[in-house]
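Residue strings, one per chain:
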Amino acid sequence: MRILAISAHEQFRQPVQAACLRYGETLVSMRLSDSIGQGLELAKQFEAEVVFFDLTRNVEAGMIAIEQLAAVPYARLVVASVDKSSTELMSRAIRAGAREFIAQPPQEDDIHAVLRKAQRQMEPQPLQDGARGRIIVVFSSKGGVGKTTISCNLAVVLAQKLGENKVAVIDANTQAPNVAPMLDLRPEHFLRDAIEQYRRLDIEMLQQFMTLHSSGAQVLAHSSDNPLGLDFEEDQLSKILLVAKSAYEQVIVDTFPVLSSLNLALMDLADEIVLVTEPVVPALRSARYNLQVLKQAGYGPERILVVLNRYTRFRGNVPIDLVAETLEWPIAGVLPYDVHATIAANSGRAVVEMFPNVPLSDELELLADRLIGEQERLPVFRPSLIERLSRFVRGY
């Protein structure tokens, strides 16, 4: 929370600063100004969200300043401080744009009460029916295993099940974004637009940045022309995800295949994490390492679903139960290798739309059902007795 205190009196600025810095319910960044002119300029440069204004001197200039502060886009709360509880003075300040008042001298309890109110106002708006959406982060620690394909197809399946404007896809792959081309979209707005406006982002603004897919899913695409044109920070993407969670029932997040601090921040917000791997040794080694790290960070099988992609049965391939044993993690879904996935991707279509009757589409739909709780989550790695005997005879 960015806070500015404006007063010519040090006896006002110091206690306000001390009380704000002792506020322990959120991170606080504090600035002070000893003049109205400097304060107005600083409010814009600092993008102050809460402004404490000392109205005990030069009331007329103060009223004009409050009116200008209230017009600053990022200022959610202008707090006027008065030395006398004058109804007329307070009424004028309210008309000018003040929303809260504190007495002189400033008291820490009063300041903390104001900050709690400001913090509530900055939280994302809830869904109108009172429900909360869910965030599903799709991750892999190795590129090329089909993470984006799974993200896009899950979004399409969920949109088909839940209806238009119920599902969102956010392309948070900050290095190699591919959601828009995979769904053959030509967005007018991109993730960078939401990043640039993240401090004042709300549901209405986020929806303006989305692109509607034919399935009914809403897509916040990332520009493939200039993916590195903007520096991304954890709090920026976190804010976007939280607003999306308030606007949509299901939010699918495609990520860059690195276990970075940025991806960990997104996972902290996730209700579920889909970790994608494939049955080849390099991918499994990478997945095992990442699961060990995530387990140490407190993530368990109830939150991380491991999906084995492009699975085929042939001599020399890693069996499903051995994959689970190697990863020390249950396998929540197995997606078969299917050339239809390549055909669909090259056509800018989701395989579940273009080839709805192939086994891969059936498994993707089953995985979507597991994610939204319509299918019981049972591990799928248990081979039959006949399969075990067959492997024993064949030597693998």
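Being a predicted model, the structure only gives us computed values, none of them experimental.

Q: Lay out helix H5 (residues 108-122) with the relevant residues and their values.
A: Because each turn of an α-helix spans 3.6 residues, side chains separated by three or four positions end up pointing in the same direction. Taking 1.5 Å as the rise per residue, H5 with 15 residues should run 21 Å; its terminal C-alpha atoms sit 21 Å apart, in good agreement. Taken together, the buried positions of H5 are Ile111, His112, Val114, Leu115, Ala118 and Met122. Buried residues in H5, looked at end-on, bunch into an arc of 160°, giving them a common side. In this structure, H5 carries Asp109 and Arg120 as exposed residues pointing more than 90 degrees from its buried face. The secondary structure elements touched by the buried residues of H5 are strand S1 (2-6), helix H1 (10-21), strand S3 (50-54), strand S4 (77-82) and strand S5 (100-103).

Q: Go over the side chain of Ser223, please, and point to the residues and values.
A: Tracing the backbone shows Ser223 in the loop between strand S9 (218-220) and helix H10 (234-247). By relative accessible area, which is 3% here, Ser223 ends up buried. Sequence-distant contacts of Ser223, defined by excluding residues within four places in its chain, comprise Pro177, Phe190 and Arg192.

Q: Any chance you could break down the sheet that holds strand S12 (residues 304-311) for me, citing the residues and the numbers?
A: The strands that make up a sheet pair up through hydrogen bonds in the backbone, lying either parallel or antiparallel. Strand order in the open sheet formed by eight strands is S8-S9-S7-S10-S6-S11-S12-S13, with mixed pairing between adjacent strands. Each having just a single partner strand, strand S8 (211-212) and strand S13 (331-336) make up the two edges of the open sheet. The strands touched by helix H11 (residues 261-269) are strand S6 (134-139), strand S7 (167-172), strand S10 (250-255) and strand S11 (272-277); relative to S6, the strand with the most contacts, the crossing angle is about 145°.

Q: Go over the sheet that holds S1, please, and point to the residues and values.
A: With respect to topology, five strands assemble into an open sheet ordered S2-S1-S3-S4-S5, the strand pairing being parallel. Lying at the two open borders of the sheet, with one neighbouring strand each, are strand S2 (29-33) and S5. When strand polarity is set aside, the average angle formed by the axes of neighbouring strands in this sheet is 20°. Here S4 runs beside S5; their pairing, made up of four bridges, is parallel. If you follow Val82 over to S5, its bridge partner there is Ala103. Lying on the sheet, helix H3 (residues 59-70) is in contact with S1, S3 and S4; it crosses S3 at an angle near 175°.

Conventions and cut-offs
In this numbering scheme, every chain counts its residues from 1 along its sequence in written order. Confidence filtering applies because this is a predicted model: local features only for residues at pLDDT of at least 70, side-chain atom pairs given and counted only at 80 or more, and all residues used for totals across whole chains, interfaces and linings. Side-chain measures here rest on the full set of heavy atoms in the structure, leaving out hydrogens and waters. Only runs of H or I of at least four residues qualify as helices and only runs of E of at least two qualify as strands under DSSP, and these elements are numbered from the N terminus. To estimate the expected span of a helix, subtract one from its residue number and multiply by 1.5 Å. Per-residue accessibility, obtained with a 1.4 Å probe over protein chains only, is compared with the maximum for each type, and a residue is labelled buried under 20%, exposed over 50%, and partly exposed between these values. The directions considered for the arc are those from the helix axis to the C-beta atoms. Whether two residues touch is decided by their heavy atoms; if any such pair falls within 4.5 Å, the residues are in contact. Two strands pair if DSSP finds at least two bridges between them. Fitted lines through C-alpha atoms serve as axes, helices being fitted only where they are in contact, and the angles separating the N-to-C directions of these axes extend from 0 to 180 degrees.

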